[in-house]
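# Tertiary structure, described
Here is how the chains run, residue by residue.
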2 protein chains.
Amino acid sequence: MKDKRIQIIETALGLFAEKGFEGTSIRDIAEKASVNVAMVNYYFGTKEKLFERIVEYKSATTRGLLDEIQKNESITPIQKIEAVIDSYIEKLFTHRMFHRLIQQELILNQRESLQNSIVNNFIPNANIVKNIIESGIKKGDFKKVDLELTIATLNGTINQVLLSRKFCNRLMNKSDDYIPYEDIKFKKRVSVHLKQLMHSHLLNN
Amino acid sequence: MKDKRIQIIETALGLFAEKGFEGTSIRDIAEKASVNVAMVNYYFGTKEKLFERIVEYKSATTRGLLDEIQKNESITPIQKIEAVIDSYIEKLFTHRMFHRLIQQELILNQRESLQNSIVNNFIPNANIVKNIIESGIKKGDFKKVDLELTIATLNGTINQVLLSRKFCNRLMNKSDDYIPYEDIKFKKRVSVHLKQLMHSHLLNN
DNA sequence: AAAACTTAATTAAACGTTTGTTTAATATTA
DNA sequence: TAATATTAAACAAACGTTTAATTAAGTTTT
């Protein structure tokens, strides 16, 4: 069964995202995935290589449709931004465990090679958004905003609600066991907020 | 010398912020702080208690002046928001190592008691900002925006640039060894962006 | 002020666990 | 039969923590 490799990957992803890389032992992973401890090293060599494989595996399934949005000539810049927002929210909420993993790795200054590959995966996405805003400015639709920090605001807002459930719940006056990420209403709420925010931030008049 | 305790705290703060709690060993801390390994346990009991002491110690020195901004009746709501933005940026940039520590802890689901105390420290601050925006809405100065998500946007934008230097630098087309957090121009840039953003987001007309 | 005593600070070494990883034997599949 | 998968056991290294001995500092007694 080649499923066992994937079973290990999925289990490790969950544990890494929840407890961190150093906070998760191979024995934790093996037990939760119901495999022998040695299987992890047998399939992936080392713990660090397992981590890299997870990033590879998930990156492949997470590749974006942002290009299509950018190239679509039948919609206005602000409509493109709205499409980007919905695409972002959908992607990050759906793959939120992977996203947590990535964000943790970005904060930590360990495993530099991984940092680079993560950043290199992010930058093209950011550049697409950048281009959309730039062309909106050229067209006269958008104000001359700070491109990079506008992107930081988009990412940052979603991260803020996505990375700490407890903080998010307290802020929203929800009980601690509420899981906002599975609530369609909450996703919609974030979408509406970001669209309104970008409307007033970007649009002239 | 009671300085040694503080020396350990400061060193541990730096290492925890950089390498994470589980990624930092007591021997790492002791070596970098030039003290014997046993001193850490002698002073703080356990590694986890050391962590708690760091949070205590730093929380005390980081207590806010947000209350004063709120109570100041000689300035308008939007001026209050601007003051909050500058206060936030100043505080988080200055204590950015502590802030990294806190954010890491919020993402991870370990050490629940610490999570609670962190969240409980944050919520009052958030509520002050909430009150300012609410009173701005009542006065008719502000639009009826999503209160909680507006706060998430404020926090999230600053976090986004503060938590990953590499990502931040790539986004800004700076070299990898550039340290934006020590650059006054960069701080100013974030301030200007956030103020513009909140102006168009909050203000009527 | 010196000596005696008491507490606190500091050290090197050791403790028992847990860690990631490897081995060597066994079972399974092709 | 040959390659692959799986296992329990063992490995050395690193971990947080404790111990027991030594030094320094502070206090009390003479």
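Below, the structure is looked at part by part. Note that this is a predicted model, so its numbers are computed, not measured. Each residue is numbered by its place in its chain's sequence as written, counting from 1. Chain letters start at A and ligand numbers start at 1, both assigned in the order the entries are written. The predicted nature of this model means local features are confined to residues of pLDDT at least 70 and side-chain atom pairs, given and counted, to a pLDDT of 80 or more, with totals for whole chains, interfaces and linings taken over all residues. As a rule here, side-chain values cover all heavy atoms of the structure and leave hydrogens and water aside.

### With respect to the protein's contact with DNA strand C
Taken together, 15 residues lie around DNA strand C, and I26, R27 and K47 of chain A together with M39 and Y42 of chain B are the ones closest in. Taken together, the sugar and phosphate atoms account for 50% of what DNA strand C places within 4 Å of the protein. In protein, a polar contact means a hydrogen-donor-capable atom and an acceptor-capable atom, both N or O and within 3.5 Å, with residues adjacent in sequence counting only if both atoms are side-chain atoms; elsewhere, any N or O pair within 3.5 Å suffices. Separating a base nitrogen of DNA strand C from a side-chain N or O atom of R27 of chain A is a distance of 2.8 Å. Within the side chain of K4 of chain B, one N or O atom sits 3.0 Å away from a phosphate oxygen of DNA strand C. Helical segments are the DSSP runs of H or I of at least four residues, strand segments are the runs of E of at least two, and each set is numbered from the N terminus. For the surface near DNA strand C, the secondary structure elements donating two or more residues are α2 (26–32) and α3 (37–44) of chain A together with α3 (37–44) of chain B. Its residues placed into classes, the surface near DNA strand C shows six nonpolar, five polar and four charged. Whether a residue is near a molecule or strand depends on its heavy atoms: it is near if one of them lies within 4 Å of it. Gly is put with the polar residues, along with every residue not named as nonpolar or charged; the nonpolar set is Ala, Val, Leu, Ile, Met, Phe, Trp, Tyr, Cys and Pro, and the charged set is Asp, Glu, Lys and Arg.

### Comments concerning helix α4 (residues 47–62) of chain B
Residues spaced three or four apart along an α-helix face the same direction, because each turn holds 3.6 residues. Residue and element names in this part refer to chain B. A helix's residues, less one, multiplied by 1.5 Å, set its expected span. End to end, α4 covers 23 Å across 16 residues, agreeing with the expected 22 Å (1.5 Å per residue, within 8%). Listed in full, the buried residues belonging to α4 are L50, F51, I54, V55, K58, S59 and T62. Around the axis of α4, the buried residues are gathered within 170° of arc, so they sit on the same side. In α4, the exposed positions angled more than 90 degrees off the buried face are occupied by E56 and A60. Throughout, a contact is declared for two residues whenever any of their heavy atoms are within 4.5 Å. The secondary structure elements touched by the buried residues of α4 are α1 (3–19), α2 (26–32), α3, α6 (77–94), α7 (96–107) and α8 (112–139). Only protein chains enter the accessibility calculation, which uses a 1.4 Å probe. A residue is then buried if its area is under 20% of the maximum for its type, exposed if over 50%, and partly exposed in between. Arc, as used here, means the arc of the directions from the helix axis to the C-beta atoms.

### Looking at the interface of chain A and chain B
On the chain B side, the residues contacting the 49 residues of chain A number 49 residues. Taken together, both faces of the contact between chain A and chain B bury some 4600 Å²; the carbon and sulfur share is 60%. For this analysis, a salt bridge means a side-chain nitrogen from Lys or Arg found within 4 Å of a carboxyl oxygen belonging to Asp or Glu. Put simply, chain A and chain B have six salt bridges between them. Where R189 of chain B meets E148 of chain A, a salt bridge forms, and the shortest distance between an N and an O atom there is 2.9 Å. Secondary structure elements with two or more residues in the side of chain A that touches chain B: α1 (3–19), α7 (96–107), α8 (112–139), α9 (147–163), α10 (165–172) and α11 (184–202) of chain A. Ranked by residues supplied to the side of chain A that touches chain B, first place goes to α9 of chain A with 13 residues. In terms of residue class, the side of chain A that touches chain B is built from 17 nonpolar, 20 polar and twelve charged. Once two parts are put together, the accessible area they lose, assessed with a 1.4 Å probe and summed over both, is termed the buried area.

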